[in-house]
Amino acid sequence: VRGFAEALRRRRPDEIEPVAVTGLPDEVRPVAEALNELLGRLRAALDRERAFLADAAHELRTPLTALDLQAQAVVDARDEDRQAALRDLRAGVARVARLVEQLLAIAREQHGAAAVPAPLDLDELVRRTVADFVPLAEAAGIDLGIESAEPVRVPGDADALRRLLGNLLDNAVRYTPTGGRVDVAVAVEAGAPARAVVTVTDTGPGIPPEERERVFDRFHRVPGTAGTGSGLGLALARSIARRHDGEVLLEDGPGGHGLRAVLRLPAVTWP
């Protein structure tokens, strides 16, 4: 036992390979095996952390370079062109700020920084979130509204669920053309247990079936897609949904046109 303990003490902080269990007495072997399981989980977590940092650095490089070019354009612009250059710069700053916000939210999700679940009225949360997006939709010439909203309660982190809903609405509004529609509905799906279902249906170009799982990967965007999305919104939405024992999936809109995002969460009765 002393030899096993000394071997662990001699390990470097970055040395997370499994410990050898051969030759250990029967009383110590279960401890070593449990330690190897822990080291395996730690190794997987560190791999995810490295991949996240590499992806974040890669994704930030392009918008930061664009910001530098836009700032230089402001400096070089003639007086009559300076206002347009400043508008481009402000739009670039907003894109970077949005990307950083999404990166921080993903990092919080990965590290389990979550509030204690509490009972909340999902239909009311949906109404408030939709109201936040009405000005954005109106500015884009899009008809955003709630088709129906059955009263339903779920256990959850209100801030995280609002972020999830906001990402679904942001995607729908962002990719729906002027004159289009985004319809939101809240329903209760009967069963044991009952499920709360939120759908966000748009009249945009949709996503090919073969791409619908891939868009939930971090930083993935459908090839040829126009727009300024970060490729993080759906990844964050799915992460939050899974933390709430729910799911997010994408399917065709009515008649095979547009896209429908479907969120399912456990519905519960609270005293």
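A quick note: this is a predicted structure, and the numbers were derived from the prediction, not measured. (Residues numbered from 1 in each chain as written. Predicted model: local features only at pLDDT ≥ 70, side-chain atom pairs only at ≥ 80, totals over all residues. Heavy atoms only, no water.)

S.K.: Just to check I follow, could you spell out the overall build of the protein for this structure?
M.R.: Assigned secondary structure in the protein consists of six helices and seven strands. Counting from the amino terminus, helix and strand elements in the protein follow one another as α-α-α-β-α-β-β-α-β-β-α-β-β. Computed over the C-alpha atoms, the radius of gyration of the protein is 24 Å, more than 25% above the 18 Å expected from 2.2 N^0.38 for a compact globule of 271 residues. Along the longest, intermediate and shortest principal axes, the C-alpha atoms of the protein span 75 × 60 × 35 Å. Taken across its 271 residues, the protein has 36% of its residues classed as buried. Expressed as a percentage of contacts within the protein between residues at least 6 apart in sequence, the contacts between residues at least 24 apart total 67%. In the structure as shown, the protein presents an accessible area of about 15,500 Å², 55% of it carried by carbon and sulfur atoms. Of note, the protein has its 35 positive side-chain charges centred 4 Å away from the centre of its 42 negative side-chain charges. (Helix = DSSP H or I, 4+ residues; strand = E, 2+ residues; numbered from the N terminus. Rg over C-alpha atoms; globule rule 2.2 N^0.38 Å. Buried < 20%, exposed > 50% of the residue type's maximum accessible area, 1.4 Å probe, protein only. Contact = heavy atoms within 4.5 Å. Areas by Shrake-Rupley, 256 points an atom, 1.4 Å probe, with all protein chains shown as cover. Lys, Arg positive; Asp, Glu negative; His and termini not counted. Charge placed at Lys NZ, Arg CZ, Asp CG, Glu CD.)

S.K.: Hey, could you run me through the nonpolar core in this one?
M.R.: Within soluble globular proteins, side chains that are nonpolar tend to cluster in buried spots. Among the nonpolar cores identified, the biggest contains 49 residues, and Leu122, Leu164, Leu168 and Leu263 are the most heavily contacted of them. If you look at the next biggest cluster of nonpolar residues, it comprises seven residues, including Val19, Leu24, Ala32 and Leu39. (Core = buried A, V, L, I, M, F, W, Y, C linked by side-chain atoms within 4.5 Å.)

S.K.: Just to check I follow, could you spell out helix H6 (residues 233-243) for this structure?
M.R.: Along an α-helix, a turn takes 3.6 residues, which lines up residues three or four apart on a common side. Within H6, eight of the 11 residues are buried, leaving the element largely enclosed by the surrounding structure. Buried within H6 we find Gly233, Leu234, Ala235, Leu236, Ala237, Arg238, Ile240 and Ala241.

S.K.: What is the right way to look at the environment of arginine 128 in this model?
M.R.: As for its placement among the helices and strands, arginine 128 is situated in helix H4 (residues 122-139). With 85 residues separating them in the primary sequence, arginine 128 and arginine 43 have C-alpha atoms 41 Å apart.

S.K.: Teacher, can you tell me more about empty space enclosed by the protein here?
M.R.: One pass over the full model with this rule turns up one cavity of 30 Å³ or more. The calculated volume of the largest cavity comes to roughly 40 Å³. Forming the walls of the largest cavity are Val126, Thr129, Val130, Leu165, Leu169, Val184, Val198 and Val200. For the lining of the largest cavity, the secondary-structure elements that each account for two or more residues are H4, helix H5 (158-175) and strand E5 (195-202). Broken down by element, the lining of the largest cavity gets its largest block of residues, three residues, from H4. (1 Å grid on protein atoms, 1.4 Å probe; cavity = no way out; pocket = protein on both sides within 12 Å on 5 of 7 lines; lining within 4 Å. Points joined across faces, edges and corners; volume = space filled by probe spheres on them.)

S.K.: So what exactly am I meant to see when it comes to the sheet that holds strand E4 (residues 181-189) here?
M.R.: Adjacent strands of a sheet pair through backbone hydrogen bonds, lying either parallel or antiparallel. Pairing is mixed across the open sheet formed by five strands, whose spatial order is E2-E4-E5-E7-E6. Two strands bound the open sheet, and with one partner strand each, they are strand E2 (143-149) and strand E6 (247-252). Ignoring strand direction, the axes of neighbouring strands in this sheet form an average angle of 15°. Pairing geometry for E5 and strand E7 (residues 259-266), over eight bridges, is antiparallel. Note on E7: the bridge partner recorded for arginine 195 is proline 266. Packed onto the sheet, H4 meets E2, E4, E5 and E7 and runs at close to 170° relative to E2. Sitting on the sheet, H6 touches E6 and E7, and the angle it makes with E6 is about 130°. (Pairing = 2+ DSSP bridges. Axes fitted to C-alpha atoms, helices over the stretch in contact; angles between N-to-C directions.)

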